[in-house]
Structures are given as C-alpha cells and as structure tokens.
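The lines below spell out each chain.
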Amino acid sequence: MVTSILKDKKNSLFIILSGIFITNALIAELIGGKIFSAEKSLGFQPLDIPLFGDFLLQFNLTAGVVLWPVVFITTDIINEYFGKKGVRRITFITVGLITYAFLVIYLAMKLAPADFWLSVNATNEQGQAFDINYAFEKVLSQGLNIIFASLVAFVIGQLVDVSVFHRLRKMTGPKRIWLRATGSTLISQLIDSFVVLFVAFYFLGPWSITQVLAVGLTNYIYKFLIAILLTPILYVAHYLIDNYLGKETAEAMMAEASSQDT
C-alpha cells in the first residue's frame, strides 16, 4: 500500500512540493526576526531616500524575505496542479507545523542551562564576557515575538493568493501563466508585507508607524521585483512537471484544479 502511494506520480509530486513549501516557510519564520541591510550586504551604502517626513528609506528587510520567493513559486505550482484545496491543505498543515516548532523552541528556552555549558562559553573569541544562554533566548525569542503576526499574515496572504490566482485563471484560461502567478503574488504579498509588521512590530513591538511603513514598503518592493524576475522559473517548473507526469495527466490535473470552486 505504502509503496503504491509513493510510486504514484501525483502523490510524489504533492509530497515534494509540500516538503519544499513547508521547509522554506519554517526557515523563513525562524530567521524572520533579523533585519538586514540589502545595500550593505551587496557592498553599497544605504540609499537614504527621504520618506514619510524625516524618515529615510533604506532597503532594510526581514531575513525571511530571502526564502519567501521559493514559497511564492511553490504556492503557484501547487495552485496550478492541485487547485484551491491543495493550497489550503498545505497552508494549514504548515501553520500547524510552524506552531509546533515554536512551541518546542519555547520549551527549550525554559530548560535550565547546564553549568558547564555556561562555563565553557563564558567568553567570546575576543575574551569578553558572554552569556550564551541569554544569546540563545534573545535570538530565538525574536521569532516567538512575531509568530502570531506572521502566521496571521501567512494565512491571509495564502488565501488571497489562491483566490486571485483562480479568478485570473478563469479570465485567461490555461495560458498566460505569468499573469495569474505574478498577479496573485503581487496582491497577496502587498497584504502580507504590512500585516505582519503592523501586528508584530507596531501593535506588539516598539516600532513607530513610519518604521513599519518604510520596512513594509521596502519588503514589498523586494517581493515585487523578485516575483517578476522569477517568472521564467515557473515555465521551467511547468516543463519539468509536465514531462514527469506526462502531458495528458498534467493537463487533466490542471483542468480539475481550475474547476474547484471551494
């Protein structure tokens, strides 16, 4: 029974796509507490564009945006072959697994540190005093602080994405993959980019409204550009999957996916 399930190409495809989706979504959540400078990472000085009064716009992004493009593409591929039900199923499974992961992290933070662990890590490489347990909790607690906001934004973004994707598909038919994939991503991520920041860093955190708007805008600009630049990958993925499934099976799956109303 198990062997037959694994040999079925449809099941195998869904398992592979689900694995890619869940892995990247979870890692993106874990590293999302870090804000990095895109300009400095590329060896440039911050742009310092005046925005929202005296606030200077810089490309300061959450580290999670590095991986979200992979999630976008995987969402669109699941949408294409497994429809709304497939995307919703993997979205809620992912939310459950991310919640579980952060619960385990929270419990790990509550464990009493061993004395020898604190002792052997009492100084850093420069010989300065270093509290490794504090560092452990500080880094991981940043993820815990935004879990609620990020999961809310994630679910809303995914549900908006799948709805817009299928509306565009009904308008364009099986052609124009770039339009439904890119269009749905741009709309859903406009919502996602600001929801998570408003909830996590404005309502539950110390950020000002201008910081939220500035970081949200730069995050969205990044996602906008990446969504457009990665469009060719969708065609490559379609080509590979169609060859793997067989053209007839692939077309049947896409037709069934597009006919789902709920």
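Notes on the structure follow. None of these values were measured; they are calculated from a predicted model.

### A short note on the packing of aromatic side chains
- Applying the stated criterion across every chain yields a total of 4 aromatic pairs.
- Ring centres of Phe-14 and Phe-82 lie 5.0 Å apart, and the angle between their planes is 65 degrees; this geometry places the pair in the edge-to-face category. Of this pair, Phe-14 sits in helix α2 (residues 9-31) while Phe-82 sits in helix α4 (residues 68-110), and the two are 68 residues apart along the sequence. Both residues of the pair, Phe-14 and Phe-82, belong to the buried class.
- Aromatic pair Trp-68 and Phe-154: ring centres 5.8 Å apart, planes at 35 degrees, arrangement tilted.

### Observations regarding the packing of helix α7 (residues 177-203) against helix α8 (residues 209-229)
- Running from N to C, α7 and α8 cross one another at 155 degrees; their axes reach a closest spacing of 9 Å. If you check the angle between α7 and α8, you find them roughly antiparallel. Relative to α8, the crossing made by α7 is right-handed. Across the interface between the two elements, Thr-182, Thr-185, Leu-186, Gln-189, Leu-190, Asp-192, Ser-193, Phe-194, Leu-197, Phe-198 and Tyr-202 of α7 pack against Ile-209, Val-212, Leu-213, Val-215, Gly-216, Leu-217, Asn-219, Tyr-220, Lys-223, Phe-224, Ala-227 and Ile-228 of α8.

Analysis parameters
- Residues numbered from 1 in each chain as written.
- Predicted model: local features only at pLDDT ≥ 70, side-chain atom pairs only at ≥ 80, totals over all residues.
- Heavy atoms only, no water.
- Phe/Tyr/Trp six-rings, centres within 6.5 Å; stacked < 30°, edge-to-face > 60°.
- Helix = DSSP H or I, 4+ residues; strand = E, 2+ residues; numbered from the N terminus.
- Buried < 20%, exposed > 50% of the residue type's maximum accessible area, 1.4 Å probe, protein only.
- Axes fitted to C-alpha atoms, helices over the stretch in contact; angles between N-to-C directions.
- Parallel < 35°, antiparallel > 145°, perpendicular 65-115°, else oblique.
- Left-handed = near helix turned anticlockwise from the far one by under 90°.
- Contact = heavy atoms within 4.5 Å.

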